[in-house]
Structures are given as C-alpha cells and as structure tokens.
Amino acid sequence: MIPMVVAVDVVKRFGSFTALTGISLAIDKGEVLCVVGPSGSGKSTFLRCINQLERADEGAIWVDGDLCGFRQKGEVLVELSDHEVARQRLQSGMVFQRFNLFAHLTALGNIIEGPVNVQKRPRDAATAEAIALLDRVGLAEKRNAYPADLSGGQQQRVAIARALAMKPKLMLFDEPTSALDPELVGEVLQVMRDLAHSGMTMIVVTHELGFAREVANRVVFMDRGAVVESGSPQDVLVNPQHPRTRDFIAAVLS
Amino acid sequence: MADRPATRLDPPNAYSIAHLKLVRRVFYGRWVAAILILAAFAFVVHAFANGQIAWKVVGQFFAAKAILAGLGNTIIMTLCAMALGIALGVLFAVMAMSPNQVLYAVAQFYIWFFRGTPLLLQLLLWFNLALIFPTMGIPGLFEARTVDLISPFVATLLGLGINQGAYTAEVVRAGILSVDSGQTEAAKAIGMTRLTQLRRIVLPQAMRVIIPPVGNEVISMVKLTSVASVIQYSEILRNAQTIYYANARVMELLIVAAIWYLVVVTVLSIGQHFLERHFARGQRGNPANRETAEARA
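Since this is a predicted model, take the numbers as computed values, not measurements.

(A) Quick peek at the overall build of chain B. Along its length, chain B carries 12 helices and 2 strands. Reading the secondary structure of chain B in the N-to-C direction produces α-α-α-α-α-β-β-α-α-α-α-α-α-α. In summary, chain B has a C-alpha radius of gyration of 29 Å against a globular reference of 19 Å for 297 residues, an excess of more than 25%. Counting the 297 residues in chain B, one finds 36% classified as buried.

This is the structure in structure tokens:
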C-alpha cells in the first residue's frame, strides 16, 4: 500500500527567510499525524504545501501517488494549470485556524458550495449529504444560520463538515482550535476525535498536546523549519529525547 | 481612606425630587432657525407661484410624446452605459490586480486616460472618429463607413460606458480588496479555479462595498446622459430644448425635465436600498438574516 502523503526534502522560502529547510515525511493511509512545535517553526507552511496553497521551492510531495503541482511526461516535469491544481486539491480537505467560512452563505450553503459548483453534483443529493454532515457535527438545527451568527466552535464544526462534503482522502487541520475561546475547544476536538476513529487520514497542526497524546498515531515535533523529533505520542510528548522538544513541552504545559 | 464612613441619607426624604415642578430647557436657537428657514421657503414658493411660469404649460408638456421619448432614451442610455461601465470595471479591476505586468499596465493606462480627460471631450472624440478612421471593420469579413457605424447612440454609449468603466474599475478593485484573503484560500481548498473563486465567493462579498458607490454613479449617469445632447443624442434634456426653441417656454420645459430626472433618481434610490439589503445578508446583526432567527428559535 502506498502512503497517503510522501514529502521528500521540501524547502520553502519567503524572500530571504527559509520556512522549511528540507522536510521528509511519509504518512500512511488511516494514520493520524499531529505536528507540534513553536510558532514560526514551519508547521502550517508544510501543511499548506500539501494542498498547494503554497508551492514548495525544492523537493516534492506526493498525495496518494500523485505528484503535487506537476505531471511527469517521460523525462520532463510539466507544471500543472490552475484547473489541474484545483482538481488535485480535491484530494485533501483543509480546516483553517480562522474557520474561513464563506460569510455570504448559510451553514448549509457553505457545505454544498463545493459539491454543487465544483464537483457538479446534483443539488438535491448534495443538500441531503450536507444535512447528514451537519447532523454528524451536531449542528443540524443551524443549517440556515449565517457564519456571523454562529459561535467560533460552531463555525469550525461547519468548516469541518464543508471539507468532508468534498469526500477527501485526507484531512488537513491548521491549528483548528487556536482561535477558539477555551470553553469551545472541546466540541471541535470531539468532532475531530470521531473523524479519526472513522479511519480518516489526518494531519493536524495543533497546540493541543492532550489531543495529540490521545488521538495521534504519530507525533512530529518541528522547529526552525525542520523535523526535530518524530515518533509515538509517548516517545515525543512524554519522553522527548531532544532538548528543544523538552523545552517546548515544558513551556506549553507550564 | 480605610476608615471612610458608609454614606447615610439623613433624613432620607431630604433627597426626594418627586414633588418638585420640572421646567424643561427651551431651545431658542432651534426655533429661530426653523422660523427663518420656513420664511425663506415660503418666499421661494411665493416667488415661483407669482413668477412668470405658466404651470399649465408644464402640465401640458409633462407627458408630451417628445418628452417621454427623450425620457425613454435617457433610461435606456443609463442602463446600457452603466452595464458597459460595470462590465469594463470588473474586467479592468481584475486586470489591475493581475500578476501579469502587461495586463496591469494596460489597466493602469485605461484608468489614467479615461479618468484624466473630460467626458465631453471623450464624447466628441468618439462622435468624430470618422475623421481619423473613415472606414472600420474586420478585413475580409465586413467593412462599413465609420459615419454610419458611430451613430449618436453608439458614440454616447462608448463615451459614457468606457468613461464609467474607468471609475467603476477602482470601485470594484476596492471591493475585491475588502474581502478577507481567507475566503479565497477556503475557496481554493475546496478545489475552485480562479474564475469560480471570483464569481462565487469574492464578488458576491465585494458587492456590499461596491454597491453604494456604484449606486451613486448610476444616479450621476442618469444626469450625465444630458451631456450627450451636444452630439445630437435625443435624450430628455435635448428634446425639452428642441421644444422650447420652438415655443419659447424655456423655464417650463426645464422644469418638466427636472421633475422627470427627480422621478428616475428617486426610483433608482429605492432600488439601491433593496439591493444593498440583499447583499448585506450574512452580516453580523443584520435583521434581514431572518432564517437565522428561525434557526435560533
């Protein structure tokens, strides 16, 4: 079985700043990987490279066997068009720190937007699925509410449902609970926990070390654009080997 | 400070004001201003009522055939020129935000040129295009004399529409910039191409910012069509002039035209109000989010 994501020597620069100094990782199908590390360590940038919101400057990423951003033609690599990149992005669902729900659409409208207008599925079927998804994240009665009238936790749960509606093979979470009031974190983590138990492949950039310990199959600690330590939650979060990992965990827990 | 005594009212009723008579403050200034303005207004009304205005003539020409035809032309020109202006505005706004340097430069030149020269001059340029291009056409397909092609209607449409596009481009650009970049990222993440992102996510949200200034411009377009009278486009003001050249009822016909302009602008303002309400859906605290209230109940 080929891994869901393979990253080889991924380098990303923003001007003179190198955000990723050469990341190599493989994530198996059904695996839940949590990426932890201090802010500015490149966790989010790596996640954004996987669904091509950022283009890696060097190295390569494969998602379910497809090379991101290029098509191989014999001995040459052809850069993909806007349209083809858009199609590749359908393999992964993305959940953002700031939710990014479409402000002019209701909860239901947000969820069916992609299925109807990108995947061209029939509106009736998409609506029925969207209602089932809203039910799954516990928001069936909020289907006609606009994002501005939902709490942060509710918005994030709608955002997860919106990503799932595209039937992705892989879910990417970019600090999904960092913008939430503390009492709303639990409801979002519960939805993510259920999703992990359903067998979805997930990459979660998070500061929730408790969640990582409980749900992750593997934890990666990143710092200054590189993977410092990788292993089971027990190894990385409880018995970290590297001093930088130890410092980070001590700082988060204090 | 530490041993401050607790406040005690003694006796308690010494602080009661319930039995006192209340004298409200009088706003003398407001009364004076209101009286002065009403007096001035009465003077103006009186002057017009006794002036040499034949109000009967106003009534007589209000729904005259030539006036209504001119009104129709004014409305048609407003709609066509505005449609062209908005289409060009969106196109050039997107070009002005393009990473392609050539598209960017062309958009900047367009905005610079058409905002930088008077509308009247542009109308005359279009109307007299035949002086520099006697014939126009696509080689091999069709060819026509420019004088036949550029009628007063076409010249006015090009002049007003293209000029409007330069202003609308900046309004649309501001609207697009007002939409949070997270919206585009979320649209990308669900696999939207650039055009779909613009059409489905960015422009509908930009409309909230775009509509008030564009509504303003539609209203000024209604009145700008009168400039086209110089190139023989028979809009309402030109038709009113044609009539008063014949019957010398200058003021009466100008009043007829003024009333019609006010009617059109009033109708448009009401339309703008409903359009703004439509595009404000999803805004925090918007009472129009009726379904939201239902969902809460």
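(B) Seen up close, the overall build of chain A. Across its full length, chain A carries 9 helices and 12 strands. Taken over the C-alpha trace, chain A has a radius of gyration of 18 Å; the compact-globule value for 254 residues is 18 Å, and the two agree within 12%. Dimensions of chain A, computed from C-alpha atoms along their principal axes, come out at roughly 55 × 50 × 35 Å. Relative to all contacts within chain A whose residues are 6 or more apart in sequence, the contacts with residues 24 or more apart total 65%. Each charge class in chain A can be summarised by its mean position, and for the 27 positive and 30 negative side chains these summaries are 3 Å apart.

(C) Quick peek at the interface of chain B and chain A. With 28 residues of chain B in contact, the opposing surface of chain A contributes 29 residues. Of the roughly 2,700 Å² buried where chain B meets chain A, counting both sides, 54% is carbon and sulfur surface. The largest share of the area that chain B buries against chain A comes from Glu185(B), Ala189(B) and Ile190(B), three residues that together contribute 21% of it. Linking chain B with chain A are 2 salt bridges. Salt-bridge contacts for Arg48(A) lead to Glu185(B); the nearest nitrogen and oxygen are separated by 2.5 Å.

(D) Examining a nonpolar patch on the surface more closely. On the surface, a cluster of nonpolar side chains totalling about 510 Å² of accessible area is made up of Val26(B), Tyr28(B), Trp31(B) and Ile35(B). Mapped onto the fold, Ile35(B) is located in helix α1 (residues 28–50).

(E) Broad picture of the packing of aromatic side chains. Residues and elements named next belong to chain B. Evaluated as defined, the whole model comprises 9 aromatic pairs over all chains. A ring pair is formed by Phe-92 and Tyr-110, whose centres lie 3.8 Å apart and whose planes are at 10°; its orientation type is stacked. With a gap of 18 residues between them, Phe-92 in helix α3 (residues 65–96) and Tyr-110 in helix α4 (residues 101–116) connect regions that are remote in the sequence. Side by side, Phe-92 and Tyr-110 carry an identical accessibility label, which is buried. Between Tyr-244 and Tyr-245 the ring centres are 5.3 Å apart and the planes differ by 75°, which places this aromatic pair in the edge-to-face class.

(F) View of the packing of helix α2 (residues 55–62) of chain B against helix α11 (residues 250–279) of chain B. Residue and element names in this part refer to chain B. Between α2 and α11, the least distance of the axes is 9 Å, while the angle of their chain directions is 55°. On the basis of their axis angle, the class for α2 and α11 is oblique. The way α2 lies across α11 gives a crossing that is right-handed. Here Trp-55, Val-57, Val-58, Phe-61 and Phe-62 of α2 lie close against α11, whose contacting residues are Glu-252, Leu-253, Ile-255, Val-256, Ile-259 and Trp-260. The residue makeup of the contact of α2 with α11, split by class, is 10 nonpolar, no polar and 1 charged.

(G) Spatial organisation of the sheet that holds strand β8 (residues 92–95) of chain A. All names here are of chain A. The mixed open sheet is built from 6 strands, whose spatial order is β8-β9-β10-β3-β11-β12. Looking at the sheet topology across the chains shown, the edges are occupied by β8 and β12 (226–231). Averaged over all adjacent pairs, the angle separating strand axes in this sheet is 15°, with direction ignored. For strand β3 (residues 32–36) and strand β10 (residues 201–205), the ladder comprises 4 bridges, and the chain directions are parallel. In the sheet register, Val-32 faces β10, and the bridge partner there is Met-202. Helix α5 (residues 152–164) contacts β8 and β9 (170–174) of the sheet and is inclined by roughly 170° relative to β8.

(H) Just the pattern of salt bridges, in detail. Residues and elements named next belong to chain A. Per the counting criterion, the structure on display carries 19 salt bridges over all chains. Its salt-bridge partner being Arg-218, residue Glu-31 comes within 2.7 Å of it at the nearest N-O pair. Residue Glu-31 is located in the loop between β2 (17–27) and β3, and its partner Arg-218 is located in strand β11 (residues 218–223); the two are separated by 187 residues in the primary sequence. When its relative accessible area of 19% is taken as the criterion, Arg-218 is described as buried. A salt bridge links Glu-129 to Lys-167, with the nearest nitrogen and oxygen atoms 2.9 Å apart.

(I) Examining the environment of Leu237(B) more closely. All names here are of chain B. Note on placement: Leu-237 falls in helix α10 (residues 236–247). Linking Leu-237 and Lys-223, residues 14 residues apart in sequence, is a C-alpha distance of 9.5 Å. In this view, Leu-237 contacts Ser-226, Leu-254 and Tyr-261; residues no more than four positions away in its chain are not counted.

(J) How the structure looks around the sheet that holds β2(A). Residues and elements named next belong to chain A. Pairing within the open sheet is antiparallel, and its 4 strands lie in the order β2-β1-β4-β5. Two strands lie at the open edges of the sheet, namely β2 and β5 (66–67), each paired on one side alone. Here strand β1 (residues 5–14) runs beside strand β4 (residues 58–63); their pairing, made up of 5 bridges, is antiparallel. Bridging across to β4, Val-5 finds its partner in Val-63. Strands in contact with helix α1 (residues 43–50) are β1, β2 and β4; relative to β2, the strand with the most contacts, it is inclined by about 60°.

(K) Region of interest: α1(A). All names here are of chain A. The buried count for α1 comes to 7 of 8 residues, which makes it a mostly enclosed element. Those residues of α1 lying buried are Lys-43, Thr-45, Phe-46, Leu-47, Arg-48, Cys-49 and Ile-50. Count one or two residues on from α1 and you reach Gln-52, which has phi positive near 65°.

(L) Representation of the nonpolar core in the model. Residues and elements named next belong to chain A. One finds Ile-160, Met-171, Phe-173, Met-192 and Met-202 to be the most contacted residues of the largest nonpolar core, which totals 51 residues. Top contributing element to this core by residue count: helix α6 (residues 182–197), with 8 residues. Apart from residues no more than four positions distant in its own chain, Met-192 is found in contact with Ile-160, Phe-173, Pro-176, Met-202, Val-204 and Phe-211. With 36 residues, the next largest nonpolar core counts Val-10, Leu-33, Leu-105 and Met-222 among its residues.

Procedures and definitions
- Residues numbered from 1 in each chain as written.
- Chains lettered and ligands numbered in written order.
- Predicted model: local features only at pLDDT ≥ 70, side-chain atom pairs only at ≥ 80, totals over all residues.
- Heavy atoms only, no water.
- Helix = DSSP H or I, 4+ residues; strand = E, 2+ residues; numbered from the N terminus.
- Rg over C-alpha atoms; globule rule 2.2 N^0.38 Å.
- Buried < 20%, exposed > 50% of the residue type's maximum accessible area, 1.4 Å probe, protein only.
- Contact = heavy atoms within 4.5 Å.
- Lys, Arg positive; Asp, Glu negative; His and termini not counted.
- Charge placed at Lys NZ, Arg CZ, Asp CG, Glu CD.
- Buried area = accessible area lost by both parts, 1.4 Å probe.
- Salt bridge = Lys/Arg side-chain N within 4 Å of Asp/Glu carboxyl O.
- Patch = residues over 30% accessible without salt bridge, like charges linked within 9 Å, V, L, I, M, F, W, Y side chains within 5 Å.
- Areas by Shrake-Rupley, 256 points an atom, 1.4 Å probe, with all protein chains shown as cover.
- Phe/Tyr/Trp six-rings, centres within 6.5 Å; stacked < 30°, edge-to-face > 60°.
- Axes fitted to C-alpha atoms, helices over the stretch in contact; angles between N-to-C directions.
- Parallel < 35°, antiparallel > 145°, perpendicular 65-115°, else oblique.
- Left-handed = near helix turned anticlockwise from the far one by under 90°.
- Nonpolar A, V, L, I, M, F, W, Y, C, P; charged D, E, K, R; others polar.
- Pairing = 2+ DSSP bridges.
- Core = buried A, V, L, I, M, F, W, Y, C linked by side-chain atoms within 4.5 Å.

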